Each structure stands twice: as C-alpha cells, then as structure tokens.
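If you want the building blocks of each chain, they are given just below.
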Amino acid sequence: MMSGKLLIVGFGPGSVDHMTKRAREAIEESDVIIGYKTYIELVRDLIAGKEIISTGMTEEVSRAQAAVKWAERGKTVAVISSGDAGLYGMAGLVYEVLIEKGWTKASPIEVEVIPGISAIHSCAALLGAPIMHDACTISLSDHLTPWELIEKRIDAAAAADFVIALYNPKSGRRTRQIVEAQRILLRHRSPETPVGLVKSAYRERQHIVLTDLAHMLDHEIGMLTTVIIGNSTTFVYDGLMITPRGYQRKYQLTAAVQPLKPHERLRKEAEPWALDQTKPLREPDEENGEAFRPFAAAASAFGDEKDRGFAAVAVLPPAVDAAAKEAGLAPAASAFPLPEEPFVQTENRPSSALLHRVRETAEDALAALERRTTKKASAVLFEAAVSPGVANKQFTLEQLIALAEAVGPDGKMTYTPDHYIKIERVTEDPKGLVDRLAAVGLMVMPVGDVLTVKACDFCDGEKKDAIPYAEELARRFGGMALPKELKLGINGCGMACYGAVREDIGLVYRKGKFDLFLGGKTVGRNAHPGQLVAEGIPPEEMVAIVADIIEQYKEHAHPNERFHKFFARVKQIGRFSYEEAKTAAKIETPACGE
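A short tour of the structure in this document, coming up. Quick caveat: nothing in here was measured; it's all calculated off a predicted structure.

## Things to note about the nonpolar core
Core analysis: the largest hydrophobic core is formed by 39 residues, its most contacted members being Phe-458, Leu-473, Ile-505, Leu-507, Leu-516, Ile-549 and Phe-563. Mapped by element, the contributors of at least two residues to this core are β18 (451-455), α15 (467-477), β19 (486-491), β20 (505-510), β21 (513-518), β22 (531-537), α16 (539-556) and α17 (563-570). Excluding residues that lie within four positions of it along the chain, Phe-563 makes contacts with Leu-486, Asp-504, Ile-505, Leu-518, Gly-519, Ile-549, Tyr-553 and Ile-573.

## Notes on the environment of His-143
You can see His-143 is positioned in the loop between β7 (135-139) and α6 (147-159). A residue is classified by how much of its surface remains accessible, and His-143, at 58% relative accessible area, is exposed. Sequence spacing of His-143 and Arg-174 is 31 residues, and the spatial spacing of their C-alpha atoms is 9.6 Å.

## Observations regarding helix α13 (residues 430-439)
Taken together, the buried positions of α13 are Gly-432, Leu-433 and Leu-437. Taken down its axis, α13 places every buried residue within 130° of arc, on the same side. Turned more than 90 degrees away from the buried face of α13, the exposed residues are Lys-431 and Ala-439. Close packing links the buried residues of α13 with β14 (380-387), α12 (397-407), β16 (421-427) and β17 (443-445). Once α13 finishes, Gly-441 follows within two positions and takes phi at roughly 90°, a positive value.

## Side note on the environment of Val-546
As for its position among the elements, Val-546 is in helix α16. With sequence-adjacent residues up to four places away left out, Val-546 is seen in contact with Leu-473, Leu-488 and Leu-507.

## Side note on the packing of aromatic side chains
By the definition in use, this model includes eleven aromatic pairs. Ring centres of Tyr-553 and Phe-563 lie 5.5 Å apart, and the angle between their planes is 70°; this geometry places the pair in the edge-to-face category. In this pair, Tyr-553 is assigned in helix α16 and Phe-563 in helix α17, connecting sequence segments ten residues apart. Measuring from ring centre to ring centre gives 5.4 Å for Tyr-553 and Phe-566, while their planes differ by 70°; the resulting arrangement is edge-to-face.

## Some remarks on the side chain of Asp-457
For Asp-457, the position within the fold is in the loop between β18 and α14 (458-461). Here Asp-457 occupies a buried position and makes no salt bridge, while the nearest side chain of opposite charge, Lys-393, is found at 7.3 Å. Of the polar contacts made by the side chain of Asp-457, one reaches the backbone nitrogen of Cys-459; its length is 3.0 Å. Non-local contacts of Asp-457, meaning those with residues more than four positions away in its chain, are made with Ala-391, Lys-393 and Tyr-498.

## Comments concerning the sheet that holds strand β6 (residues 128-129)
The strands making up a sheet are joined through hydrogen bonds of the backbone, oriented either antiparallel or parallel. With respect to topology, three strands assemble into an open sheet ordered β6-β13-β12, the strand pairing being mixed. Strand pairing shows two members of the sheet lacking a second neighbour, β6 and β12 (235-237), which therefore form its edges. Bridge count for β12 against strand β13 (residues 240-242) is three bridges, and the pairing is antiparallel. Note that in β13 the partner of Phe-235 across the bridge is Ile-242.

## Considerations on the layout of surface pockets
When its volume is computed, the largest pocket comes out at roughly 1600 Å³. What lines the largest pocket is a set of 49 residues, among which Tyr-39, Met-57, Tyr-88, Asn-168 and Met-223 lie closest to the centre. Residue assignment for the lining of the largest pocket shows that the elements contributing at least two residues are β2 (32-36), α2 (37-42), α3 (60-72), β4 (76-81), α5 (119-127), β7, α6 and β11 (225-229). Class assignment of the residues belonging to the lining of the largest pocket gives a composition of 21 nonpolar, 20 polar and eight charged.

## Considering the sheet that holds β11
Reading across the sheet, the five strands line up as β7-β8-β11-β9-β10 and stay open at both edges, with mixed pairing between neighbours. For this open sheet the edge positions go to β7 and β10 (207-212), each flanked by a neighbour on one side alone. Strand-to-strand, the axes of this sheet are offset by a mean angle of 20°, without reference to chain direction. As paired strands, β7 and strand β8 (residues 163-167) are joined by five bridges and run parallel to one another. The residue bridging Ser-139 from the neighbouring strand is Tyr-167, located in β8. Sheet strands touched by α6: β7 and β8. Its angle to β7, the strand with the most contacts, is close to 160°.

Rules of the game
Residues numbered from 1 in each chain as written. Predicted model: local features only at pLDDT ≥ 70, side-chain atom pairs only at ≥ 80, totals over all residues. Heavy atoms only, no water. Core = buried A, V, L, I, M, F, W, Y, C linked by side-chain atoms within 4.5 Å. Buried < 20%, exposed > 50% of the residue type's maximum accessible area, 1.4 Å probe, protein only. Helix = DSSP H or I, 4+ residues; strand = E, 2+ residues; numbered from the N terminus. Contact = heavy atoms within 4.5 Å. Arc of directions from axis to C-beta. Phe/Tyr/Trp six-rings, centres within 6.5 Å; stacked < 30°, edge-to-face > 60°. Lys, Arg positive; Asp, Glu negative; His and termini not counted. Salt bridge = Lys/Arg side-chain N within 4 Å of Asp/Glu carboxyl O. Polar contact = N/O pair within 3.5 Å; in protein donor to acceptor, adjacent residues only side chain to side chain. Pairing = 2+ DSSP bridges. 1 Å grid on protein atoms, 1.4 Å probe; cavity = no way out; pocket = protein on both sides within 12 Å on 5 of 7 lines; lining within 4 Å. Points joined across faces, edges and corners; volume = space filled by probe spheres on them. Nonpolar A, V, L, I, M, F, W, Y, C, P; charged D, E, K, R; others polar. Axes fitted to C-alpha atoms, helices over the stretch in contact; angles between N-to-C directions.

In structure tokens:
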C-alpha cells in the first residue's frame, strides 16, 4: 500500500467567502476530488485540471470506496461535503470503509478531517441568533434511520425544550415526515413558536422565511431547506429570530452598573437553580453515606411539570435494569440502589407517558448494545442470481423444488433477461441457503454492481468448443465487485443470436477464434453494439486479454461509471483504442451452423 492522503473537507454553505482557509488549501493540494455532483459544481473554480469523480444521491459508499482506492495508490484525495464533513457528511463513512480494510492510525494512509460551517450555523446567522441556547440537529431522512427512532428523537428534543434544526426535511418522495414532525412538536410547543426556514444559505438562490410552528407547512420546504424551531423563550424582533441565553437571570441588560459585582456572579447564592443548590428528594443512604438523587436536579430547578419530568432520564427503570443484568451489562446507573418508588414527592412526579418514552428509549439503547456485545446473527435481505450453469439453460425438477424451498412463502423470485433467476429473501442464514442451492447443482452468484457472464446455450451444447472458455471466465470473474454492473456476453458461433455484441464486453467464437467487442449498450434510445476492436483472437490468449480489460475498469473507473462511458473517457484499454461512432464495420455474414 502506498502512502496516500485522505482529506475529508467540509467547505461550508457553498460560497467561497465562507470557506475556511484550510478547506481551500486542501482542495488545491489534492490530486483527486470526489463528491456529490452538486458539491462539485459549487467548487468548480478551484478544481480545474484535477481528476474529478462525481456521483449522485445514494452513492455515498461508492464515493468513500473510490477515495480509499485512490489514496492506496499514493494520491492525495479530497472528499468534499457542503457544511461540515462530520455532520451528516462523509467523514464517518470514510472511516468506516477504512476500518473494514484494517486501517489504523499507523497505516500509510494519512487522514485529515477539515471542519466547515454547518447548515445549523449558517442558517442561524441569517435568521438572527436562534441557537444561543441548547440546540440539536435531527435529520428527517428515514432512508438510513428507522422513522420510529426519528420520532422518538423529535419527541424527546421537543419535550426538553431544545432549539431544533431539522435537516433533510422533505423531498419529492418524502413528504409526510415534515408533517409528522410538526404534529409531534405541537404536543410540546406553542403554535406561535418561531420557526425559520432557510433554503440554500449563502448561495445564489438563497431564500429566508420567518414563520411559526402552526404555519410552517404553508411555505415551500425542500431538500435544500433547513428548518430551525425555537424553544419556549425564542422571540422575533424586527424580522430577527432570537433565543435568549439567560443573562437576564443575573444581569440587568439596560443598567450601566450591575447589581452583582464580578466576583459575586459565580457564587452559589447567585445561582439557586444550579445542580448543587437543588434539594435532594430523600436523605442520604446511611449504609453507604451517599445521597441517591435520581430526580433532585430538575425537581426544584424548574417550575413547570413538563421540564421537571424530563429529568427522569437519570433514572434506570427496573425493566431496563433487569434487561441489563440479563445481557451481562453494567450500566452506570446500576451502581445506585433502585428504590421501588423512586419519586417520593408526588407533586414532582413526571407524567406516565414521559416515563414510558424514557423507558422505551433506554431499553432500545440497551438492546442495541447487547446485540453489539453478543454479535448475535441478525436477519438480512439475501439477494442472489441463480442459474443451472453458464451454458446450461435447463432446470431440473429437483433444482426447481430446491429453489422454491429456498425462497419460501415470503421471498421473491424474479425472471431476468440476464440468463438467471433473481431470488430475494430475508434470512439469518444466507450461507445455508447458498449451500442448499449448490448441493443440487445450481450456480449462485451475487447481484448488483458485479460482473455477470451471459453465455448462449451453444445450440443446446452442440457447438461446445467455446464452452470451456465461457466457464473459465465465469469461474474467474463471475460476481466480481466492480464500480458498476458489467455484462460479459459470450456467443458460441458467428450468428451471435444471444446478442453478445451489445454487451459491455462481447465475445463471439467464430472459425475457432474469438472476436472482441467493447462498449456495447443494450438499453435506451441510443442502444448500440460494441466497437469491434479485435478479430481472430486465439482462444489461449483470450482469457488473459479479458482479464486485463476487467482489471483496468475495476481500478480506474469512477463509481457508478458504466463500461461504455469509461471506454469513451479513457480512450485506451490495453492495446485497444476507442473510436468515435461511425458506420459499422462490415463483418462477414456466416452461414448458419458455421
């Protein structure tokens, strides 16, 4: 492994004026720039002459993998994110990909995360000062996080009176989430609570709306909008959204001379609401000499029952305690004796609904920790391509029965035009499924961005000379992970009736040798056959030539880049040069059976 460098860059809201000096330096010193297409456009002026890899939404993993691959080659790579790379950005994912490859800080690849101004801060600056007090960020995207968990987080943050910044509030297909979020917030917040909507902060199409919780959905909200919801003290003044820090508790904001001298302002008597000043709910335990104060901190500090109740998070519910013991865990709170009735003062008792939410959240956390500790196998969606073989297109009765049993009543079996049946099923034992299918002679291959060998039936085996080569290619390359799905077509005679010439890589066996086609496209209005790059390749050389082509594509293609686009971009693969589309070459028309 060469000593490359990964620079994970947060470049802020988008304008160069708000990009940090280090972020700009990192982009300028990089050999390769990798990012989401929109982000690439935002820094286009800084990346001229560099290797640029841009991909779309949902392709974050491929970007991280590409970044690591280029760094392994000794390159300096900038993975760019808007805002801060460590907040819903690429930093964590790049580390996860590195860890899967065994990376440590002592490894040759150096990693630097460069912070940027996040959306919560840039949008807050445009609104005024809405996050002057405790605040949190919550993403409403449920593509990676279960909605049930997002609901709990919104509910908990709303009950605790946090200022809340909602990221990814709405998209073309995700329209209900922001409606549900408003419904949850209205359980805890006044309809008049100030809300700021900021779209494309500090970019050309910047748009700012100041509204309230009751009317926030009357305005346009999309993926580029950040929604900031004030807390119970947030107010609007002259078009500005402001959340007080709490200075008025100690200071007179209009007085030239403050009632408390500087040396008096941090004394205990000046802060009766502080933790150390609150009265414990019961006397110290005489046996251990320590006070058990699970609820004391908030009970006397707040006058509102809703605020007092939320301090219940300090208590370990008995059900959670039992679950922890069963899992062999030792939560910090278990060091204290748990009384049967922890809240002595009934007037300070939190609501049963709140305790239920706290209990659920704690139990979920412990369950997740237990799964991580025991590494218990969990159900996964198993997807595979199943066929009776490379050249064989006929299933036996035994194979069909095994296939049906493997899929089961809740799975799915789909016929494909790629000479295999795709199966999908949720299972805790994917290896067992593969073993059962293989035991009846079925070939099981991965699906997705992998290499698929598509051979003809060789006229039901009558034209068998090319079959060994097709099977060798399938054995060596079938299921290989690649930047994008790649089809390798093989036809056993010059008729090419299975359409190998239209695949990414096409091989046609003719007169005892192979013709090679590269860059075909099977679908779309601009579908076309591949370019005929070589005729008469000796069979003993063919596998090595194809191996070299596949290796170059694997190593140098951009994430999600189809083979025909790769060939057009690099212009040369091995000894084969790309040519712009022209009149198709005349190929000798073989007689059927040749």
